[in-house]
Amino acid sequence: CASPLMRVLLLLALVGLAAATTRYVATTGADSGTCDDQASPCLSLSFAIQVASTTDTISLGDGTYTGDKNVNLTITKDLTFVSTSGTGPETVIIDAAGTVPVFASITSVVSISTMTLKNGNNAGNWGGCVYVQSGRFDASSVVFDSCSSDHGGGVFYDLTAGTIADSQFLNCKSANDGGAVSVKSPANVAFTNVQFVNNTAAGSGGGAAIIGSGNSTTFDSCHFTMNSCGSGSACTGGGLFIQGVGVTVTKSFFTMNIANAPQGGDGSAGGGAAVTYGGTTSSQSTFTSCSFDSNQAATLSGATGGRGGGLAVLDGSVGVTLSTFTNNNANSGGALVFAPTSSSPPAVPPMASLHTCNISSNTALLGGGIYIIAPLSPYFYLVTIHNNHAVGANDDAHGGGVSVVNPGANPSTAKFTECTFDSNDSQGYGGGIVIHKSALVIEGSSAFFKGNSAQKGGAVYTLDSDTSTFTGVKFYQNTAAQGGGAWVDSSHTEFDACHFNNNFATGDDMFTSQGGALYIGSSDGAPVFNSVYFEANHANGVNGAGGGAYVSGGYPNFTICTFEQNTAMVEGAALTVASTLGHSKMVTLSGGAILNNQLFKPNPTGVYNGTGYIGGQVSSEFPVLTFSGGIIVDEACDLIRRCDQCLNNHHHSCQARPTDDLSFCAPTATPGFASNCTAPPEAQKIVFVLGMDENNFVGTDFISAVALYLNSIPDYLLKIVIVVGRAEKLGDDTFEVSTSLAGGLQSEYDQLLAIGELSKTQDISFVDEFDVREIRVGSQTSGPITVRDDENAKHPLGPGAIAGITIAVVLSVMAIAFFIWWRSSKGPSGGVLRAPADNYSSMNA
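Since the structure is predicted, the reported quantities are computational estimates derived from the model, not experimental observations.

Secondary structure assignment for the protein yields six helices and 84 strands. Evaluated residue by residue, the protein yields a buried proportion of 55% over its 845 residues. Within the protein, contacts between residues separated by at least 24 positions form 78% of all contacts whose residues are at least 6 apart in sequence.

What follows covers the pairing of strand β13 (residues 155-158). Every regular strand shows the same layout, with side chains that alternate between the two sheet faces. Side-chain alternation along β13 places V155 and Y157 on one buried face and F156 and D158 on a second face that is also buried. Across three bridges, strand β10 (residues 130-132) lies against β13 in parallel orientation. The partner of Y131 across the bridge, within β13, is F156. As paired strands, β13 and strand β17 (residues 181-184) are joined by four bridges and run parallel to one another. Bridging across to β17, F156 finds its partner in S182.

Right, let's get into the side chain of S360. Residue position: S360 is located in strand β41 (residues 358-360). Here S360 is in contact with F325, T326, N327, H386 and N388, once residues within four sequence places are set aside.

Where strand β54 (residues 453-456) lies against strand β58 (residues 479-482), three bridges are found, and the strand directions are parallel. When the bridges of β58 are listed, A454 appears paired with A480. Examined bridge by bridge, β58 and strand β62 (residues 504-505) share two bridges and lie parallel to one another. Note that in β62 the partner of T479 across the bridge is F504.

On to the confidence of the model for the protein, then. Summing up the model confidence of the protein, the mean pLDDT is 74 and the portion of residues at 70 or higher is 64%. Throughout residues 603-614 the model reports pLDDT below 50, and contacts reaching past four residues in sequence, or to other chains, amount to 26 contacts. Across residues 633-730, confidence stays below pLDDT 50; counting only partners more than four residues off in sequence or on other chains, it has 253 contacts.

What follows deals with unusual backbone geometry. Between A374 and the following residue, P375, the backbone shows a cis peptide bond with an omega angle of 10°. Topologically, P375 is positioned in the loop between β43 (370-373) and β44 (379-381). Although it is not a glycine, S141 adopts a positive phi angle of roughly 55°. Of note, S141 is situated in strand β11 (residues 136-145). A positive phi angle, near 55°, is found at S221, a position not held by glycine. Mapped onto the elements of the fold, S221 is located in the loop between β22 (218-220) and β23 (223-225).

Okay, the state of the cysteines next. Taken as a whole, this structure holds three disulfides when the rule is applied. One disulfide in the model links C129 with C147; its S-S distance is 1.8 Å. On the S-S bond that ties C129 to C147, the torsion sits near -55°, and the link is left-handed. Here the residue C129 occupies a position in the loop between β9 (121-126) and β10, and C147 occupies one in the loop between β11 and β12 (148-151), the gap between them amounting to 18 residues. Accessibility classification places C129 together with C147 in one group, the buried group. Put simply, C229 and C235 are joined by a disulfide, and their sulfur atoms are 2.1 Å apart.

We now examine the packing of aromatic side chains. Under the criterion given, the structure shown has 39 aromatic pairs. Aromatic side chains F470 and F495 sit 4.8 Å apart centroid to centroid with 5° between the ring planes, which places their arrangement in the stacked category. Of this pair, F470 sits in strand β56 (residues 469-471) while F495 sits in strand β60 (residues 494-496); the two residues are 25 residues apart in sequence, bridging distant segments of the chain. For the residue pair F470 and F495, the accessibility class agrees, reading buried in each case.

Here we take up the nonpolar core. F81, F287 and F416 are the most contacted members of the largest nonpolar core, which has 120 residues in total. Apart from residues no more than four positions distant in its own chain, F416 is found in contact with I372, F380, I385, V402, F421, I433, L440, V441, I442 and E443. Membership of the second largest hydrophobic core comes to twelve residues, among which are A209, L314, I373 and V405.

Attention now moves to the pattern of salt bridges. Enumeration over the complete set of coordinates arrives at three salt bridges. Across the salt bridge formed by R23 and D56, the nearest N and O atoms sit 2.9 Å from each other. With a gap of 33 residues between them, R23 in strand β1 (residues 22-25) and D56 in the loop between α2 (45-51) and β2 (57-60) connect regions that are remote in the sequence. The exposure class assigned to R23 is buried, which follows from its relative accessible area of 8%. Taking relative accessible area as the criterion, D56 reaches 0% and is therefore assigned buried.

Before going further, it helps to spend a moment on the side chain of S332. The topology assignment puts S332 in the loop between β38 (329-330) and β39 (336-339). In this view, S332 contacts G306, R307, G308, V337, A364, L366, G367 and Y371; residues no more than four positions away in its chain are not counted.

For P186, the location among the structural elements is in the loop between β17 and β18 (188-192). The spacing of P186 and Y157 is 29 residues in sequence and 9.9 Å in space, taken between C-alpha atoms.

This part takes up the environment of L595. By the secondary structure assignment, L595 is in strand β73 (residues 593-595). In this structure the C-alpha to C-alpha distance between L595 and E535, which are 60 residues apart in sequence, comes to 9.6 Å.

About the thresholds
Residues numbered from 1 in each chain as written. Predicted model: local features only at pLDDT ≥ 70, side-chain atom pairs only at ≥ 80, totals over all residues. Heavy atoms only, no water. Helix = DSSP H or I, 4+ residues; strand = E, 2+ residues; numbered from the N terminus. Buried < 20%, exposed > 50% of the residue type's maximum accessible area, 1.4 Å probe, protein only. Contact = heavy atoms within 4.5 Å. Pairing = 2+ DSSP bridges. pLDDT = per-residue confidence, 0-100. Disulfide = S-S within 2.5 Å. Phe/Tyr/Trp six-rings, centres within 6.5 Å; stacked < 30°, edge-to-face > 60°. Core = buried A, V, L, I, M, F, W, Y, C linked by side-chain atoms within 4.5 Å. Salt bridge = Lys/Arg side-chain N within 4 Å of Asp/Glu carboxyl O.

The structure is reproduced here in structure tokens:
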């Protein structure tokens with residue numbers, strides 16, 4: 001049995017249900033009675049609202065409702081407005097005739113569905129069709145057509161909540177913000193499957209404007225199409241404007257929206273959308289699975305200041321994920337711009353990021369894809385930057401893919417991880433990216449610049465930059481008149497474990513076609529290159545120089561770098577150090593190798609245009625090149641040069657010298673011409689360690705690694721020393737080999753030297769312990785291999801053991817010889833094993 005209290009509550013609920021009544025309105029009705037009979041409807045909405053009780057439903061018959069009694073309505077009751085037939089919004093139309101709003105004020109909970117609100121006008125006020133002053137407003141399957149006001153041409157939410165679903169805003173206008181909708185926060189409004197089409201705002205947010213703080217407004221599966229902002233003054237957000245709040249946008253489309261700048265003016269931003277700092281807080285807005293296509297901020301031929309054709313982030317916090325930006329354009333940042341709103345940074349630093357996005361086929365004068373103004377420092381992860389264009393006359397254009405500039409004192413520290421720059425172009429500088437006075441990080445094993453082009457710096461152009469770093473990045477098939485892969489000017493840029501392959505410098509006059517992979521300019525800056533591989537790059541213009549790198553200024557340092565199979569037309573197939581470099585500057589090569597680079601048009605006289613000289617692989621016109629360790633190999637001339645201390649001679653080239661010249665720079669050589677470097681080298685030896693396991697078998701892993709290295713060295717350099725011992729594998733490519741000289745191993749060793757084509761060039765003695773080298777396969781480098789005399793090593797040396805050793809080694813050497821022959825017959829391998837050559841001296845017995 002229910003308690004008395006429960007019976008009272010149940011009775012009140014039943015009374016409430018009974019009180020909810022449907023009131024009917026029709027164009028053929030009469031304003032009399034209670035309108036609760038569909039056969040006797042009211043004539044006007046105002047009368048139906050008058051007789052209705054809170055929570056009632058007002059059902060409108062098909063037709064158009066206009067005149068004073070159907071518009072400019074004030075609602076203080078909780079009411080629901082529906083279509084009696086429910087056949088579609090076009091069958092029930094409330095037309096305010098362009099003089100007043102439809103709902104002038106809502107201060108209660110109101111819901112409408114399946115109808116059209118048309119020609120509302122609330123000039124000088126808020127909400128052209130609907131002004132939600134307080135309470136809540138929900139709309140479903142509603143068309144808001146040709147409504148206008150000062151704020152929120154269609155609907156204005158003032159610190160309120162609501163939902164709008166499956167609806168359309170068409171041709172609405174605002175004299176300030178929010179052509180279709182304006183939401184003043186804090187508010188909680190959800191837009192689902194809403195189309196914003198051809199709406200305009202003289203200020204910001206042609207489609208919608210969300211302004212305030214603490215907002216939780218959402219847009220899901222919405223379409224912003226052909227909306228615009230700006231009318232004689234700068235504007236922000238052609239489609240959507242967000243200021244100071246966190247808005248969630250998912251699976252939405254921004255197409256053909258425009259942020260207009262006045263002719264000759266500037267300041268407009270965010271053709272598709274804009275997110276800006278609000279002054280007191282900066283909650284993060286998010287865009288997930290969205291599309292920005294064919295939006296623009298101003299035009300290239302008209303106003304000059306449009307920024308962010310697709311999206312503008314102006315000191316705002318935003319996260320963009322799984323989204324695409326295509327065919328957008330602006331003056332700067334064809335797809336996106338990240339820019340500060342003033343010289344004073346926000347109290348809360350903005351956090352901006354892009355994750356798994358595609359930036360493709362966008363156009364701008366500055367930053368065809370993305371434009372970043374310091375100190376903003378967005379983070380990019382797995383972003384594809386493809387086929388964007390920096391277009392402009394007189395070399396004004398820069399950054400086909402991305403441009404980062406710093407007009408102030410604080411640099412940008414933007415970071416790109418596992419991003420790709422593909423087929424972008426600039427009519428000026430930096431086809432892939434321009435970095436100005438900033439400290440970027442570009443990294444990742446799958447990161448690459450491919451097929452980018454520009455006048456200077458096909459992939460990368462850096463100017464006056466702080467320590468920007470490129471780690472593990474590949475540069476393929478990029479093209480420029482100078483610096484096919486990268487142009488580094490007055491910068492402290494660092495490249496670590498990068499690979500430059502098949503880049504081109506294609507200039508057609510004597511001052512271009514320099515630096516197939518790399519051009520280093522100006523007199524300042526100390527770029528650093530660690531373990532960088534310059535392979536098959538080309539300076540193939542008329543007077544091409546520096547197929548691998550061209551150094552015109554600065555203090556570059558190349559450590560354990562390899563220059564291989566690069567080509568130039570007339571000078572420095574691997575490296576050219578230009579005469580413009582002052583005597584006080586220094587270019588340093590430490591370790592590494594210069595292998596088989598080639599000139600297309602060698603000039604044995606060494607004369608170039610009557611002033612300079614032509615070098616084959618390396619050309620240095622002043623004594624400013626230091627070469628510490630490493631090897632220079634020119635297979636075409638059977639020439640090897642190695643300098644332990646210096647390479648301070650002019651024009652260290654094969655073509656300008658006899659092919660049988662084997663002179664080396666001595667540590668005491670006077671810097672200057674090559675004729676000063678006459679100290680003969682000691683005979684070169686390659687130490688070949690055959691490691692045995694505890695069963696006296698030669699380790700196949702170790703043999704394979706060493707054989708691969710031997711195959712990368714020309715045959716005329718193979719003067720081999722063999723050490724036999726037990727090998728212990730310490731890691732993937734690291735071995736420790738213990739040798740024992742007791743019991744006659746020395747004599748067995750001597751016998752091995754006479755096997756096959758191996759020869760003992762000098763008397764050889766064992767040492768107790770020495771480091772052999774690091775083994776490097778491609779970009780993978782092992783630790784050192786240590787060989788030591790270990791009297792306690794377990795090597796049974798009876799006749800059978802010695803025979804076993806001899807047979808194992810003979811078979812191994814035969815296998816290696818076959819492997820080398822097979823590799824040479826197959827042509828050059830992509831996995832060439834490289835090793836620093838400054839360990840040679842420790843190997844000479």
